[in-house]
Number of protein chains: 2
Amino acid sequence: MRSNFRTSGQSELTVTEAARRAQILRHTIDVVAERGYAGASLNRIAEHTGISKGLISYHFKGKAALLEALVTDVFQRGGEFVLEGWAAELSPESSPRTMLRAYLEGNLAFIASHARDVGAIVEVIRNHRDAEGRLVFGNVWTEDLYGDLIQIFEAGQAAGEFRRFDPRVMAIAVRRVVDGFTFQVMGSPDVDAAAFTAEVVALFDHATTPMERS
Amino acid sequence: MRSNFRTSGQSELTVTEAARRAQILRHTIDVVAERGYAGASLNRIAEHTGISKGLISYHFKGKAALLEALVTDVFQRGGEFVLEGWAAELSPESSPRTMLRAYLEGNLAFIASHARDVGAIVEVIRNHRDAEGRLVFGNVWTEDLYGDLIQIFEAGQAAGEFRRFDPRVMAIAVRRVVDGFTFQVMGSPDVDAAAFTAEVVALFDHATTPMERS
DNA sequence: TACAGTTTTGACCATGCGGTCAAATTTTCG
DNA sequence: CGAAAATTTGACCGCATGGTCAAAACTGTA
């Protein structure tokens, strides 16, 4: 009997253990994406994975731990994906406008290629609550993710490249539109990601640029 | 024993019956807003309302019917609210830009003054599924609501007032930002609704206007 | 082979769920 | 008043949930 559950370190994991955990996580993503948060019972996840329910409890301390591992996993992969894109596109001193564009393109590209993962994570973040009914991931989503955008906007305004607007409101708008893309992709997998991305980039390009009416 | 459940007509409702239904709906909104969709059990709603669980079943055919009544109710009140605003602000032939502005102001004003209601409705629409796991309100939300915006955008483009963009993508963006305001209000009730509205109006004003870079 | 450690199962538990119903209560009205 | 109708309760049912655990099966290795 091994009674220790890792939360972050990938150190002392058996090959079997790591493989099982990954397998369970993959199937959990599938079930959440297909049946929603409420429909993702341990029974259904186990059945979908082809294992017994008890085995999930063996590898994860409880349902909460499983969902938290799910969120951490996708979040991390998403972050890496976007960062790789940035490394390829951005020179050390790119303009804020270029950075905004890269931000949008990176995020939307990840969503387009990982719709199920992002859909699942969003579902969990939105619904997972503790015993007292408080959203567990409520603030994480919000505050951590707005920071990057706000920085870009403030830099752009300082450089005179962006018009004057409330960076916080603009950041909220960007995240809402980006996250919304998830449902477009999940709803109809044939959406034209490139076209949507181009439209969104143009939208925020115009939204941030000083206007000179004719 | 009266065994008929009304779905639309308000005709043959006892005073008591109408009052109870309204009371139950109000408390359901509260519970959903506070504890989320999953936390809104009939037991909790009954307790919150101060009645027995059986009474809910007496006035509503089942939980599904209750939630659908909830959605219909808020949806209708919201629609009336926005339409009243339009009647006051819009002349018969207002410009598309004015209409877009009125659309945003009307929607955001309703959300600001009815955050709990809108929060509850969004929660239900997002999570309520039938036995097979399909979202019950999935398309309702989407298609019905985009129509108005798309019309405005197409009119504006035809009149040369708006730049060329995909009306559908812009409509999605508008709805996402508008709906997102709900969570801002619910998260911190002290948000400055007027300021947020002004920012959003400016955002989409710029986003829809042809750009003439300096 | 035998043994220790690990992984896996399947039966079981308490809990809360949505829903039903006979009985009790309140209202309506002749 | 008193009977009929409408309203309300509280106990109860079957079911699915998350979780536990002893036993079984599967490793590897001495």
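My aim in this report is to walk through the structure given alongside it, one point at a time. It should be emphasised that the depicted structure is a prediction, and the values quoted were computed from it without experimental measurement. (Residues numbered from 1 in each chain as written. Chains lettered and ligands numbered in written order. Predicted model: local features only at pLDDT ≥ 70, side-chain atom pairs only at ≥ 80, totals over all residues. Heavy atoms only, no water.)

With respect to the protein's contact with DNA strand D
In the region of DNA strand D, 19 residues are neighbours, and Ser-41, Leu-42, Lys-53 and Lys-63 of chain A together with Arg-20 of chain B sit closest. Looking at DNA strand D alone, sugar and phosphate atoms form 60% of those within 4 Å of the protein. Between DNA strand D and Lys-53 of chain A there is a distance of 2.2 Å, counted from a base oxygen to a side-chain nitrogen or oxygen. Measuring from a phosphate oxygen of DNA strand D, one finds a side-chain N or O atom of Arg-20 of chain B at 2.9 Å. When contributions to the surface near DNA strand D are tallied by element, the ones reaching two or more residues are α2 (42-49) and α3 (53-59) of chain A together with α1 (15-39) and α3 (53-59) of chain B. Counting residues per element, the surface near DNA strand D draws most heavily on α3 of chain B, which supplies four residues. For the surface near DNA strand D, the class distribution of residues is five nonpolar, nine polar and five charged. (Near = heavy atom within 4 Å. Polar contact = N/O pair within 3.5 Å; in protein donor to acceptor, adjacent residues only side chain to side chain. Helix = DSSP H or I, 4+ residues; strand = E, 2+ residues; numbered from the N terminus. Nonpolar A, V, L, I, M, F, W, Y, C, P; charged D, E, K, R; others polar.)

Things to note about the protein's contact with DNA strand C
Among the 18 residues in the neighbourhood of DNA strand C, the closest are listed as Arg-20 of chain A together with Ser-41, Leu-42, Lys-53 and Lys-63 of chain B. Each atom of DNA strand C within 4 Å of the protein belongs either to a base or to sugar and phosphate, the latter forming 64%. Here a phosphate oxygen of DNA strand C sits 3.3 Å away from a polar atom, N or O, in the side chain of His-59 of chain A. Separating a phosphate oxygen of DNA strand C from a side-chain N or O atom of Ser-41 of chain B is a distance of 2.9 Å.

Overview of helix α9 (residues 193-208) of chain B
Here α9 of chain B spans 22 Å end to end across 16 residues, near enough to the 22 Å set by a 1.5 Å rise per residue. Of all the residues in α9 of chain B, the buried ones are Phe-196, Thr-197, Val-200, Val-201, Leu-203, Phe-204, Asp-205, His-206, Ala-207 and Thr-208 of chain B. (Expected span 1.5 Å × (residues − 1). Buried < 20%, exposed > 50% of the residue type's maximum accessible area, 1.4 Å probe, protein only.)

Focus on the packing of aromatic side chains
Scanning the model with the defined rule gives 12 aromatic pairs over all chains in all. Seen from the ring of Tyr-37 of chain A, Lys-63 of chain A lies directly overhead, with NZ or CZ sitting 5.7 Å from the centre. (Phe/Tyr/Trp six-rings, centres within 6.5 Å; stacked < 30°, edge-to-face > 60°. Lys NZ or Arg CZ within 6 Å of the ring centre and 35° of its normal.)

Considering the nonpolar core
With 118 residues, the main nonpolar core has Phe-153 and Phe-204 of chain A together with Phe-153 and Phe-204 of chain B as its most contacted residues. In contact with Phe-204 of chain B, other than residues within four places in its own chain, are Leu-203 of chain A together with Leu-100, Leu-104, Met-170, Ala-173, Val-174 and Val-177 of chain B. (Core = buried A, V, L, I, M, F, W, Y, C linked by side-chain atoms within 4.5 Å. Contact = heavy atoms within 4.5 Å.)

A look at the packing of helix α8 (residues 167-187) of chain A against helix α8 (residues 167-187) of chain B
Following both chains from N to C, one finds α8 of chain A and α8 of chain B inclined at 115°, their axes separated by 9 Å at the closest point. Pair α8 of chain A / α8 of chain B crosses with right-handed handedness. Seen from α8 of chain A, the contacting residues are Ile-172, Ala-173, Arg-176, Val-177, Asp-179, Gly-180, Phe-183 and Gln-184 of chain A; seen from α8 of chain B, they are Ile-172, Ala-173, Arg-176, Val-177, Asp-179, Gly-180, Phe-183 and Gln-184 of chain B. Residue composition of the contact of α8 of chain A with α8 of chain B, grouped by class: eight nonpolar, four polar and four charged. (Axes fitted to C-alpha atoms, helices over the stretch in contact; angles between N-to-C directions. Left-handed = near helix turned anticlockwise from the far one by under 90°.)

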